Amino acid sequence: MSDYMLVRGGTVVDEDGTRRADVLVREGRIAAVAPGLTADGGAGVEVVDAGGAYVVPGGIDVHTHFALPVGAVTSADDFESGTLAAACGGTTCVVDFAGAGREPWQEALETWHDRARDRAVVDYGFHLTVTELPEDLDAAVDRFAEFLRHGVASVKLYLAYPERLMVDDETLARALAAARRTGMRVCVHAEDGATVETLVAQAIAAGRTGPDAVPSARPASVEAAAIHRAAVLAGVADAWLYVVHLSSAAGLQAVRNARAAGIDVHAETCPHYLYLDAAHLAAGEQDFVCAPPLRSADDRAALWGALAEGDVEVLATDHCPFTEADRRRGTGGEGWSDFRQIPGGLSGVETRLSLAYQGVVDGRLSLERWVEVTAGAPARLFGLDGAKGAVRRGLDADLVVFDPGASRALDARTLHSRCDHSPYAGRVVTGWPAVTISRGEVVAVAGEPADPRPGRGRFVRRRGLGAA
């Protein structure tokens with residue numbers, strides 16, 4: 001990495017607007033943003049000619065699952081392949097969910113650090129999955145304070161998957177109360193687990209065992225009900241709440257209702273809920289199983305509108321793909337007999353930035369909104385805005401030169417995930433990163449790796465809500 005880098009001739013887009021400017025980088029940080037910059041006094045200046053393309057903050061994906069074990073199988077991408085794919089697609093920081101079940105939090109955090117260390121190509125942080133908390137509120141507060149001392153500023157609680165991950169309302173209420181006192185962020189997987197279990201049992205009893213049964217077993221109503229319940233508890237605690245992978249118009253309305261009641265609720269959606277629908281499941285395609293499931297064209301339209309209006313603030317990916325062979329093996333390892341045993345999750349960490357940009361191409365999103373949902377809001381909501389998420393002096397030089405005229409086919413052979421298929425196969429997008437820069441170092445060019453070093457990515461310690 002040179003002492004200096006000059007990204008010149010670009011159109012900078014971030015929360016401060018759109019303007020022609022050069023970006024001067026020194027020792028991995030942004031030193032200046034202004035027209036006509038030079039690197040006087042610097043030795044070995046590396047010049048990146050943006051050629052009039054957009055210069056935007058590196059993407060931040062706050063929802064990934066790298067090397068996640070699910071029964072007998074593991075998600076296809078580890079921290080090396082996953083962050084390499086991220087870099088090729090213009091994402092320079094990910095926040096992964098640490099913890100696969102009910103292991104002690106110290107073990108989960110140590111395991112995830114071991115998985116990322118010496119492998120990550122770009123920077124990373126962690127959320128911690130929480131399935132239990134001390135019944136004494138003061139002890140719960142102490143635990144969250146300990147998470148923060150380890151640089152982990154957010155937790156995820158599941159309202160689905162009984163006997164494995166699901167927490168009861170008392171645990172969620174205690175987590176929200178402890179979060180209010182510590183500045184921890186509480187994220188929820190919002191599906192009403194008890195109702196889902198009833199609907200799943202009904203589907204199986206009726207002989208509906210394939211992927212086509214998933215939408216009726218996990219309908220939008222269970223998402224909306226769980227959001228409502230979590231939001232009521234957040235309101236009682238006067239706490240911050242974040243809904244991951246919002247999938248439906250009904251769930252969106254529950255978010256809006258909570259906000260109208262004065263509750264501090266935030267939400268993300270994912271590209272697959274904007275582009276794909278339940279027709280894949282109706283056709284029995286196992287590679288499109290995820291939870292919440294793919295929905296209807298009306299749900300897609302509602303989420304696009306909410307993303308444009310700001311009711312949905314973040315576009316993340318829930319990147320958790322499995323190879324076709326592992327899908328067939330099922331979570332038990334010997335083949336699946338019904339949809340409960342199909343490992344769920346889709347790929348997206350490499351394609352997110354460009355799929356979001358199609359909203360600009362189609363007139364759904366402004367340039368500024370595109371950058372906000374992929375970088376600015378994730379940084380601000382998750383305690384990264386002191387280091388990332390904008391093209392501003394003093395922040396990490398995480399930058400993307402984005403060519404709006406480039407095109408790319410989103411087929412597995414053109415992408416860098418270890419997954420052997422793409423949910424967007426056959427789709428060609430307009431706009432793709434020409435150069436991805438992570439802390440002042442070029443890590444990808446024209447969507448291909450630029451000799452990035454596994455292990456160069458750093459763990460980013462995030463601050464809690466209200467921390468300076």
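Just above, that's the structure.
Peer 1: Describe the packing of aromatic side chains, naming the residues involved and giving the relevant values.
Peer 2: In this description, a pair of aromatic rings is defined by centroid distance and the angle of the planes. Applying the stated criterion across every chain yields a total of 19 aromatic pairs. Residues Trp-240 and Tyr-242 carry aromatic rings whose centres are separated by 5.9 Å and whose planes lie at 5° to one another, so their mutual orientation is stacked. By the burial criterion, Trp-240 is buried, and Tyr-242 matches it. Three or more aromatic residues link up through ring pairs in this structure, and these residues are Phe-66, Phe-79, Tyr-124, Phe-126 and Phe-459. The positively charged end of Arg-115 is found above the aromatic ring belonging to Trp-112, 4.2 Å away from the centroid. Lying over the aromatic face of Phe-97, Lys-156 brings its terminal NZ or CZ to 4.4 Å of the ring centre.

Peer 1: Could you give an account of the sheet that holds strand β14 (residues 265-269), naming the residues involved and the relevant values?
Peer 2: Read across the sheet, 8 strands follow the order β6-β9-β10-β11-β12-β13-β14-β15 without closing on themselves; strand pairing throughout is parallel. Whereas interior strands pair on both sides, the edge strands pair on one side only; in this sheet they are β6 (59-64) and β15 (314-315). Bridging between strand β11 (residues 154-158) and strand β12 (residues 185-189) involves 5 bridges; their strand directions are parallel. Residue pairing in the sheet places Leu-157 in a bridge with Val-188 of β12. Set on the sheet, helix α13 (residues 352-361) makes contact with β6, β9 (91-98) and β15; between it and β6 the angle comes to about 110°.

Peer 1: Describe the pattern of salt bridges, with residues and values.
Peer 2: Scanning the model with the defined rule gives 32 salt bridges in all. Note that Glu-448 and Arg-408 form a salt bridge whose closest N and O atoms lie 2.9 Å from each other. Separated by 40 residues along the polypeptide, Glu-448 in strand β19 (residues 448-449) and Arg-408 in strand β16 (residues 399-409) bring together distant segments of the chain. Salt bridges sharing common partners tie together Arg-29, Asp-123, Lys-388, Asp-396, Asp-398 and Arg-439.

Peer 1: Could you give an account of the pairing of strand β10 (residues 123-129), naming the residues involved and the relevant values?
Peer 2: The buried count for β10 comes to 7 of 7 residues, which makes it a mostly enclosed element. Where burial is concerned, the two faces of β10 agree: the one with Asp-123, Gly-125, His-127 and Thr-129 and the one with Tyr-124, Phe-126 and Leu-128 are both buried. As paired strands, β9 and β10 are joined by 6 bridges and run parallel to one another. When the bridges of β10 are listed, Val-94 appears paired with Tyr-124. In this fold, β9 hands off to helix α2 (residues 105-116), which returns the chain to β10; that crossover is right-handed. Bridging between β10 and β11 involves 2 bridges; their strand directions are parallel. Its bridge partner being in β11, Thr-129 is matched across the sheet by Lys-156. Running through helix α3 (residues 137-149), the crossover from β10 to the neighbouring parallel element β11 is right-handed.

Peer 1: Can you lay out helix α4 (residues 169-182) for me, pointing to particular residues and giving the numbers?
Peer 2: With 14 residues, α4 ought to run about 20 Å at 1.5 Å a step, and its terminal C-alpha atoms sit 20 Å apart, in line with that. Residues of α4 that are buried include every one of Thr-171, Leu-172, Arg-174, Ala-175, Leu-176, Ala-178, Ala-179 and Thr-182, and no others. Phi turns positive, to about 90°, at Gly-183, one or two residues after α4.

Peer 1: Which residues make up the packing of helix α7 (residues 220-237) against helix α8 (residues 249-260), and what are the values?
Peer 2: In the contact formed by α7 and α8, the axes pass within 7 Å of each other and the chain directions differ by 20°. Relative to α8, the element α7 lies roughly parallel. Note that α7 runs across α8; the crossing there is right-handed. On α8, the residues touching Ala-220, Glu-223, Ala-224, Ile-227, His-228 and Ala-231 of α7 are Ala-250, Gly-251, Ala-254, Val-255 and Ala-258. Of the residues assigned to the contact of α7 with α8, the class counts are 8 nonpolar, 2 polar and 1 charged.

Peer 1: Describe helix α5 (residues 193-205), and please don't skip the residues or the numbers.
Peer 2: Helix length check: α5, at 13 residues, gives a terminal C-alpha distance of 18 Å against a target of 18 Å (1.5 Å per residue), a fit within 8%. Those residues of α5 that sit buried are Gly-193, Val-196, Val-200 and Ala-203. Axial view of α5: buried residues confined to an arc of 80°, hence all on one face. Buried-residue contacts for α5 involve α6 (214-217) and α7. The N-terminus of α5 is capped by Asp-192, whose side-chain oxygen sits 3.3 Å from the backbone nitrogen of Ala-194. Where α5 ends, the next residue or the one after it, Gly-207, has phi of about 80°, a positive value.

Peer 1: Before we move on, can you summarise unusual backbone geometry with the specific residues and values?
Peer 2: Excluding glycine, residues mostly carry a negative phi; peptide bonds, for their part, are mostly trans. Omega for the bond connecting Ala-291 with Pro-292 falls within 30 degrees of zero, at -5°, which places this linkage in the cis form. Among the structural elements, Pro-292 can be located in the loop between α10 (279-282) and α11 (297-309). One non-glycine residue, Arg-439, adopts positive backbone phi at about 45°. Mapped onto the elements, Arg-439 comes out in the loop between β17 (428-438) and β18 (441-445).

So, how was this worked out
Residues numbered from 1 in each chain as written. Predicted model: local features only at pLDDT ≥ 70, side-chain atom pairs only at ≥ 80, totals over all residues. Heavy atoms only, no water. Phe/Tyr/Trp six-rings, centres within 6.5 Å; stacked < 30°, edge-to-face > 60°. Buried < 20%, exposed > 50% of the residue type's maximum accessible area, 1.4 Å probe, protein only. Lys NZ or Arg CZ within 6 Å of the ring centre and 35° of its normal. Pairing = 2+ DSSP bridges. Helix = DSSP H or I, 4+ residues; strand = E, 2+ residues; numbered from the N terminus. Contact = heavy atoms within 4.5 Å. Axes fitted to C-alpha atoms, helices over the stretch in contact; angles between N-to-C directions. Salt bridge = Lys/Arg side-chain N within 4 Å of Asp/Glu carboxyl O. Right-handed = clockwise from strand over helix to strand, strands pointing away. Expected span 1.5 Å × (residues − 1). Parallel < 35°, antiparallel > 145°, perpendicular 65-115°, else oblique. Left-handed = near helix turned anticlockwise from the far one by under 90°. Nonpolar A, V, L, I, M, F, W, Y, C, P; charged D, E, K, R; others polar. Arc of directions from axis to C-beta. Polar contact = N/O pair within 3.5 Å; in protein donor to acceptor, adjacent residues only side chain to side chain.

This is a description of form; function is not addressed.
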